[in-house]
Amino acid sequence: TERGGRKWNGQVPADACKAVMKQNVVPSAGSPPPLSGSRRLRVLFMPQWYPSADGSNQVTGTFCREHVRAAALYDDVAALVYSGRQDRWPTLEWRQVDDAGVPTFYATYGMSPIPKTTRPFFYLHLRRAFNRILKEWGRPDVIHAQDIYAYNVIKGLQSFDIPFVISQHGSGFLRQLIKRSAVRKFNWAFKRAVRVLPVNKFAEKDYQRYGLYPPVTWLPNVLDENAFWPSGEEQKEPWLLHASGLTPEKRVPDIIRAFGKVLQNYPRAVLQIVGDGKDREAMEALAARELPATNVQFHGILSKPQLAEVMRRSCGFVMASDAETFCCVLMEAMACGCPVLTTGVGGIPAVVPEGDGLFTEVGNLDQIAGGMRRLLDGTHGLDLERISRETRSRFSRETGFSMRSMCGLPM
């Protein structure tokens, strides 16, 4: 068609999309018009973390999968999961699966047989994988990359002249752990992205500490409402629950030691710990020293429905972290009608507003123990029905994720 004296092929050129996303206005008369509000965008996700194709790892990157599934309600979405293999044979292996209606392509490349030449093969096979996407799925309007992996994606695919957005999940900016070399990569990628989408609502000030000023839109994590819903039953087990990867920033030892202070008044209480990781053995050893064996249980990794069931039966969920960009399990516990005790660090206040949970200072064992007692005896004063309803409303797939609205394009 002809519009404004220029031919228009139905695609949003990268420069036009950048202008729209940064200014949140319709392009001027001299620019190509935005997409018609009736057409769904084609969005290709290229995540840094994602559940595996064979089902062996369904934990890593589940938050990315939830974003993909939420986006699929509004746009035509596919995922390209691109990663390396350990064998030193530079071939590209390809597998396509249908993941709840989302075309998901798993591409793995072998390492170069020549030392120190793997990087060129990375970009070679990245372009091969992307060309296969173009052939089998079609040309995306937007490529959605993630964290520092976006640097490699943009560097490898920028010649295709497709707009990029970057979602940012890691806690490195919040914890001020980003190395100088990584800052340079983030700076390069942020300048070439039309929008940066942090899950931490307050990430902009963290970026500014590093001299980074990208255009930012908050992208909260998304709730799987098919798994996380309230039971409506008043009866709870005398359980307190923690779920995480048991990493140092979660401060699981604080939870174990504080729980030990509670047992004198609540001898039947049980601390349920869900999750796995390299520190699990050390956490189990600490619990064996600090707590009676009948008062603590380590579950390892549970599926989302299994975790939700434990949440619904527990008197409360406890998170003692010193750094969180979002903390999905708090959102999930609240949706299940499970009251939460948490620190207020990082992005947590956007997930647990004042009045929706109990708060404690980082590392204050007496405060944590006091909060645990209020959870166990039900004196927390929280309106769990309201909190569950509002949490599911704020973070549902239907509420959250339209790339068109994030681009500032007409709905």
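This report concerns the structure included in the present document. Quick caveat: nothing in here was measured; it's all calculated off a predicted structure.

**As for the packing of helix α7 (residues 252–262) against helix α12 (residues 365–377)**
Two numbers describe how α7 lies on α12: the axes approach to 8 Å, and their chain directions differ by 60°. Looking at the two axes, α7 sits oblique to α12. In the crossing of α7 with α12, the sense of the turn from one axis to the other is right-handed. Here α7 contributes Asp254, Ile255, Arg257, Ala258, Phe259, Lys261 and Val262 to the contact with α12, which in turn contributes Leu365, Asp366, Ile368, Ala369, Met372, Arg373 and Leu376. Residues that form the contact of α7 with α12 fall into these classes: nine nonpolar, no polar and five charged.

**Re the state of the cysteines**
Applying the stated rule across the entire model yields zero disulfides. The cysteine Cys64 is free of any disulfide, with Cys328 supplying the nearest cysteine sulfur at 9.5 Å.

**Comments concerning the packing of aromatic side chains**
Enumeration according to the criterion identifies 15 aromatic pairs in this entry. Judged by centre distance (5.0 Å) and plane angle (80°), the ring pair of Phe173 and Tyr207 falls under edge-to-face. Separated by 34 residues along the polypeptide, Phe173 in the loop between β8 (164–168) and α5 (180–192) and Tyr207 in helix α6 (residues 203–208) bring together distant segments of the chain. Exposure class is identical for Phe173 and Tyr207. Each is buried. Pairing Phe173 with Tyr210 gives two aromatic rings, centres 5.5 Å apart and planes at 85°, and the pair type is edge-to-face. Here the residue Phe173 occupies a position in the loop between β8 and α5, and Tyr210 occupies one in the loop between α6 and β10 (239–243), the gap between them amounting to 37 residues. Given a relative accessible area of 2%, Phe173 falls into the buried group. Put simply, the rings of Phe173, Phe186, Phe190, Tyr207 and Tyr210 pair up and form one aromatic cluster. The ring of Trp137 has Arg42 sitting right over it, with the charged end atom 4.1 Å from the ring centre. Just above the ring of Phe122 sits the side chain of Arg119; from NZ or CZ to the centre is 5.1 Å.

**Thoughts on helix α2 (residues 62–71)**
Taking burial as the measure, the 10 residues of α2 include eight buried ones, the bulk of the element. All of the buried residues along α2 are Thr62, Cys64, Arg65, Glu66, His67, Val68, Ala70 and Ala71.

**What about the sheet that holds strand β6 (residues 102–109)?**
Spatially, seven strands are ordered β5-β6-β4-β3-β7-β8-β9 in an open sheet, and the strand pairing comes out mixed. Each of the sheet's edge strands pairs with one partner strand only, and the pair in question is β5 (92–99) and β9 (195–198). This sheet shows a mean twist of 20° between the axes of neighbouring strands, independent of strand direction. Sheet topology places β8 next to β9; four bridges connect them, and they run parallel. When the sheet's bridge partners are listed, Ser167 is paired in β9 with Leu197. Of the strands in this sheet, β3 (42–46), β4 (76–84), β5, β6 and β7 (142–146) are in contact with α2, which crosses β3 at around 175°.

**Quick word on the packing of helix α10 (residues 328–335) against helix α13 (residues 384–395)**
α13 packs onto α10 with a crossing angle of 130° between their chain directions and a minimal axis gap of 7 Å. For the element pair α10 / α13, the angle class is oblique. Across the interface between the two elements, Met331, Met334 and Ala335 from α10 touch Ile387, Ser388, Thr391, Arg392, Arg394 and Phe395 from α13. Here the contact of α10 with α13 is composed, by residue class, of five nonpolar, two polar and two charged.

**Examining the environment of Arg42**
Structurally, the position occupied by Arg42 is in strand β3. Counting along the chain gives 96 residues from Arg42 to Gly138, while the straight-line C-alpha distance between them is 8.4 Å.

Calculation notes
Residues numbered from 1 in each chain as written. Predicted model: local features only at pLDDT ≥ 70, side-chain atom pairs only at ≥ 80, totals over all residues. Heavy atoms only, no water. Axes fitted to C-alpha atoms, helices over the stretch in contact; angles between N-to-C directions. Helix = DSSP H or I, 4+ residues; strand = E, 2+ residues; numbered from the N terminus. Parallel < 35°, antiparallel > 145°, perpendicular 65-115°, else oblique. Left-handed = near helix turned anticlockwise from the far one by under 90°. Contact = heavy atoms within 4.5 Å. Nonpolar A, V, L, I, M, F, W, Y, C, P; charged D, E, K, R; others polar. Disulfide = S-S within 2.5 Å. Phe/Tyr/Trp six-rings, centres within 6.5 Å; stacked < 30°, edge-to-face > 60°. Buried < 20%, exposed > 50% of the residue type's maximum accessible area, 1.4 Å probe, protein only. Lys NZ or Arg CZ within 6 Å of the ring centre and 35° of its normal. Pairing = 2+ DSSP bridges.

By themselves these figures say nothing about function.
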